[in-house]
Amino acid sequence: MRLSAEELESGKLSPETLELAIQLIKVNGYVLFEEVLPRAQVDELFNSYAAILDPYFEEHREEILNPKNGFNDGTNHVRLYLPFEKPFCDEAIIANPFVTAIVDRILGEDCLMTYFATNTSMPGGKKSQPVHADTSSRYGDKYEANLPIANLIVNYPLVDVDENNGPMEIWPGGTHLHPDNWYAPNAFNKSKLAEHMHGIKMLMPAGSILIRDDRVWHRGTPNKSNKHRPNIALIYSENRQREGTIQIPQETYDQLPVKAQRLLRNEKIGFPVAAPKH
Ligand SMILES: O=C(O)CCC(=O)C(=O)O
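Residues numbered from 1 in each chain as written. Predicted model: local features only at pLDDT ≥ 70, side-chain atom pairs only at ≥ 80, totals over all residues. Heavy atoms only, no water.

Asker: Can you lay out the overall build of the protein chain for me, pointing to particular residues and giving the numbers?
Answerer: In terms of regular secondary structure, the protein chain is built from eight helices and eleven strands. A compact globule built from 278 residues should have a C-alpha radius of gyration of about 19 Å, and the protein chain, at 18 Å, falls within 12% of that. Dimensions along the principal axes, computed over C-alpha positions, put the protein chain at roughly 45 × 45 × 40 Å. Accessible area of the protein chain: about 13100 Å², with a carbon and sulfur share of 51%. Of the side chains in the protein chain, 29 bear a positive and 37 a negative charge, and the two mean positions are spaced by 6 Å. (Helix = DSSP H or I, 4+ residues; strand = E, 2+ residues; numbered from the N terminus. Rg over C-alpha atoms; globule rule 2.2 N^0.38 Å. Areas by Shrake-Rupley, 256 points an atom, 1.4 Å probe, with all protein chains shown as cover. Lys, Arg positive; Asp, Glu negative; His and termini not counted. Charge placed at Lys NZ, Arg CZ, Asp CG, Glu CD.)

Asker: Just give me the short version of the sheet that holds strand β6 (residues 200–201), but keep the residues and values in it.
Answerer: Within the open sheet, the three strands sit side by side as β6-β5-β8. Their pairing is antiparallel. At either end of the open sheet lies a strand with only one pairing partner, and these are β6 and β8 (217–219). (Pairing = 2+ DSSP bridges.)

Asker: An account of the pairing of strand β1 (residues 30–33) is needed here, citing residue identities and associated values.
Answerer: A two-sided burial pattern is seen for β1, the buried positions comprising Tyr30 and Leu32 on one face and Val31 and Phe33 on the other. Examined bridge by bridge, β1 and strand β7 (residues 209–213) share four bridges and lie antiparallel to one another. Bridged to Tyr30 within β7 is Arg212. (Buried < 20%, exposed > 50% of the residue type's maximum accessible area, 1.4 Å probe, protein only.)

Have a look at this one:
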């Protein structure tokens, strides 16, 4: 959906849009707000990211594309954790008001940001990833009913995503509503089922915001263009005991807006910025 000029101007969703977005995530597994971030900001993010990714990929190519890693074999996909620094840790990314309005309502106002990374479909991929959900079941094979949403993944595409440059493909409308044990490793093969189900390619302009239940089945597809297709990927989680992983220097944390500080309060505050890693 497209936000109104008034919503974009004020940085606030209307009550109707907020309610619609929440219900869409609940029934369909995702909501897409098209073209929200200004193009100049997205271009700056893309250029800063490419400056990190390109040398990293060259240095670690063998490991990242190791054919023993079935997930990346032939797909040319790379997941890279981002250093917690500008321009990536801008408020518009980590505590975007359109996003926080939704995550607060679904996960609770005490929710946390727990993941700060990117997924990139690199040129030259030959095949799609296996169809998967992003996190595993909470109770292994034991629990046979669906559980409330615990994690929301937020993607910001840094280029226009079209049929040609490796769009994420998702299976909406119910794959997030299965019993918990369907997300465990022993569950029936999702790729086999998905072949007979309706998937859609997430075609979206750069600077869009895609918010999805982490259980929605999806996969990366090969990028047939000659330019990276990166998505920033953040995870917001319900407030549960867990060890933080995002390293944030104290000075950076102190300068964050209050909402961002609250979201990141469980992370590794007072640690140096971590180097990018896959
Ligand atoms: O193409 C994408 O951004 C999705 C990639 C993905 O799902 C993954 O690497 O786990």
